[in-house]
Amino acid sequence: MESQPLLKSENSIQKKSLGLKQPRWYEQEAARLLLGAIFVLGAGTAVGYATKIPSDLTPTWGRVSNVMGGIYFMAWSLSFYPQAILNYTRKSVVGLSFDYQVYNVIGFTCYSIFNCLFFWSGPVQEDYRQHHHGKNNQVQASDVFFAIHALALTLVTVWQIAIYERGAQSVSTTCYVVCGICIAAMVVMALLCQFHNGGVFIWLNFYSLIADIKLAVTLVKFLPQVYLNYKRKSTDGMNIHNFLLDFTGGSLSVAQLCMDARLTHDWSAITGDVAKFGLGSVSMVYDVVLLTQHYCIYTDHGQGQVYDV
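Just so you know, these numbers come straight off a predicted model, no measurement behind them.

### As for the side chain of Lys221
Among the structural elements, Lys221 can be located in helix H9 (residues 203-221). Buried within the structure, Lys221 lacks any salt-bridge partner; its nearest side chain of opposite charge belongs to Asp246, at an N-O separation of 6.1 Å. Engagement of the side chain of Lys221 in a polar contact is seen with the side chain of Asn104, the distance being 2.7 Å. When sequence neighbours within four positions are dropped, the list of residues in contact with Lys221 reads Tyr100, Tyr103, Asn104, Phe108 and Lys214.

### Digging into empty space enclosed by the protein
Applying the stated rule across the entire model yields one cavity of 30 Å³ or more. Computed from the structure, the largest cavity encloses a volume of approximately 170 Å³. Taken together, 18 residues form the lining of the largest cavity, with Ser79, Phe80, Tyr100, Asn104 and Asn242 sitting closest to its centre. Put simply, the parts of the chain that give the lining of the largest cavity at least two residues each are helix H5 (98-120), helix H7 (141-163), helix H11 (240-263) and helix H13 (274-297). Across the lining of the largest cavity, the residue classes tally to eight nonpolar, eight polar and two charged.

### Some points on the layout of surface pockets
As a volume, the largest pocket reaches approximately 850 Å³. Sorting the residues of the lining of the largest pocket by element identifies helix H2 (29-50), helix H3 (59-78), helix H4 (81-90) and H11 as the ones contributing at least two each. Broken down by element, the residue count for the lining of the largest pocket peaks at nine residues, all from H2. Within the lining of the largest pocket, the residues separate by chemical class into 16 nonpolar, 10 polar and three charged. The space that makes up the second largest pocket amounts to roughly 490 Å³. Lining the second largest pocket are 19 residues, and of these Pro54, Ser55, Phe119, Val139 and Gln140 lie nearest its centre. Counting residues per element, the ones that place at least two in the lining of the second largest pocket are H5 and helix H6 (122-131). Among the elements that line the lining of the second largest pocket, the one with the most residues is H6, at three residues.

### A few points about the nonpolar core
Of all hydrophobic cores here, the largest spans 24 residues; its most connected members are Phe114, Phe118, Phe206, Tyr207 and Ile213. Setting aside its immediate chain neighbours within four residues, Ile213 contacts Ile106, Cys110, Cys182 and Met186.

### Focus on the packing of aromatic side chains
Inspection of every chain in the model, using the stated rule, returns 18 aromatic pairs. Ring plane angle 75° and centroid distance 5.5 Å describe the contact between Phe80 and Phe108, whose orientation is recorded as edge-to-face. Within this pair, whereas Phe80 is found in the loop between H3 and H4, its partner Phe108 is found in helix H5, the two being separated by 28 residues in sequence. For Phe80, a relative accessible area of 13% corresponds to the buried category. Three or more aromatic residues joined by ring pairs make a cluster, and in this case those are Tyr72, Trp76, Phe80, Phe108, Tyr111 and Phe146. Seen from the ring of Phe108, Lys214 lies directly overhead, with NZ or CZ sitting 3.9 Å from the centre. The side chain of Lys214 reaches across the aromatic face of Tyr111, ending 5.9 Å from its centre.

### Some remarks on a nonpolar patch on the surface
Where nonpolar side chains cluster on the molecular surface, the patch consists of Ile183, Val187, Leu191 and Phe195 and spans about 420 Å² of accessible area. Here Phe195 is to be found in helix H8 (residues 173-195). On the basis of relative accessibility, which here comes to 69%, the residue Phe195 falls in the exposed class.

### Points about the confidence of the model for the protein
In this model, the protein carries a mean pLDDT of 83, and residues with pLDDT of at least 70 account for 85%. pLDDT under 50 marks residues 6-15. Its contacts with residues more than four places away, or in other chains, come to two contacts. The model gives residues 303-309 a pLDDT under 50, and that stretch makes 18 contacts with residues more than four places away or in other chains.

### Observations concerning the environment of Leu96
On the secondary structure map, Leu96 appears in the loop between H4 and H5. The residues touching Leu96, leaving out its near neighbours within four places in the chain, are Gln83, Asn87, Gln101, Thr157, Gln169, Gln225, Leu228 and Gly237.

What counts as what
Residues numbered from 1 in each chain as written. Predicted model: local features only at pLDDT ≥ 70, side-chain atom pairs only at ≥ 80, totals over all residues. Heavy atoms only, no water. Helix = DSSP H or I, 4+ residues; strand = E, 2+ residues; numbered from the N terminus. Buried < 20%, exposed > 50% of the residue type's maximum accessible area, 1.4 Å probe, protein only. Lys, Arg positive; Asp, Glu negative; His and termini not counted. Salt bridge = Lys/Arg side-chain N within 4 Å of Asp/Glu carboxyl O. Polar contact = N/O pair within 3.5 Å; in protein donor to acceptor, adjacent residues only side chain to side chain. Contact = heavy atoms within 4.5 Å. 1 Å grid on protein atoms, 1.4 Å probe; cavity = no way out; pocket = protein on both sides within 12 Å on 5 of 7 lines; lining within 4 Å. Points joined across faces, edges and corners; volume = space filled by probe spheres on them. Nonpolar A, V, L, I, M, F, W, Y, C, P; charged D, E, K, R; others polar. Core = buried A, V, L, I, M, F, W, Y, C linked by side-chain atoms within 4.5 Å. Phe/Tyr/Trp six-rings, centres within 6.5 Å; stacked < 30°, edge-to-face > 60°. Lys NZ or Arg CZ within 6 Å of the ring centre and 35° of its normal. Patch = residues over 30% accessible without salt bridge, like charges linked within 9 Å, V, L, I, M, F, W, Y side chains within 5 Å. Areas by Shrake-Rupley, 256 points an atom, 1.4 Å probe, with all protein chains shown as cover. pLDDT = per-residue confidence, 0-100.

Here it is in structure tokens:
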């Protein structure tokens, strides 16, 4: 009868001798996820109520759309912080794909330009209405601030890559080539639109090209992180909360866009805002792959190896 308390005492002494301590309730994974979900839902709802209701939606559905937009804005925006915090606490970026971050810089630069022009530029908005039967584009304030915020946080992560321990990892030649092609395409199209305006070389098509580049970057940017996890047989260095929040944001983004298109009887809003629709859809697929790697395949966290990828 006395052996059980004695065993517990011995285990406690052993943990202390090894420097181990029982994590507090708020340090456990389940508690963090629950508290994070509560914060995202609460803050996102507040943002939704503070946002002006779109003129082409009824007050009720406009409020629902805004709340969905607010929640996905919070989820997507906060998704950049866990990785930056992890890098800071470890003083290392080993395990984080550098290609993934460089692609993000290109992608979110395009996304910021696209959303800012469609939201604030009167001539761009009028050009869109002329080519879409008088309908307004579906870019909202949450899209604009998300894009700018995402670009800023991505640049912070790139700065961390430059100053923290990175082992043998580096940006691949493939990444440099892809980014170079994207930049060249934008420059050439802009010059043709400026000096040979007409036919396919109109500014609206230039904005569509920017959206297409953002979507193309999204199609490939997750692959280096998936491959790096596979080579290391570990997800150490990659903060999984990033992709949990990204999946939440992507699903709500697509749902909001489809709901707005249905309510306004304008499905061209999806084809006219392919960046937002494609971004949410493609991201969710890759998020599931990365979540599977972390929770189902490479579960021995802390055992990763460093590879030159």
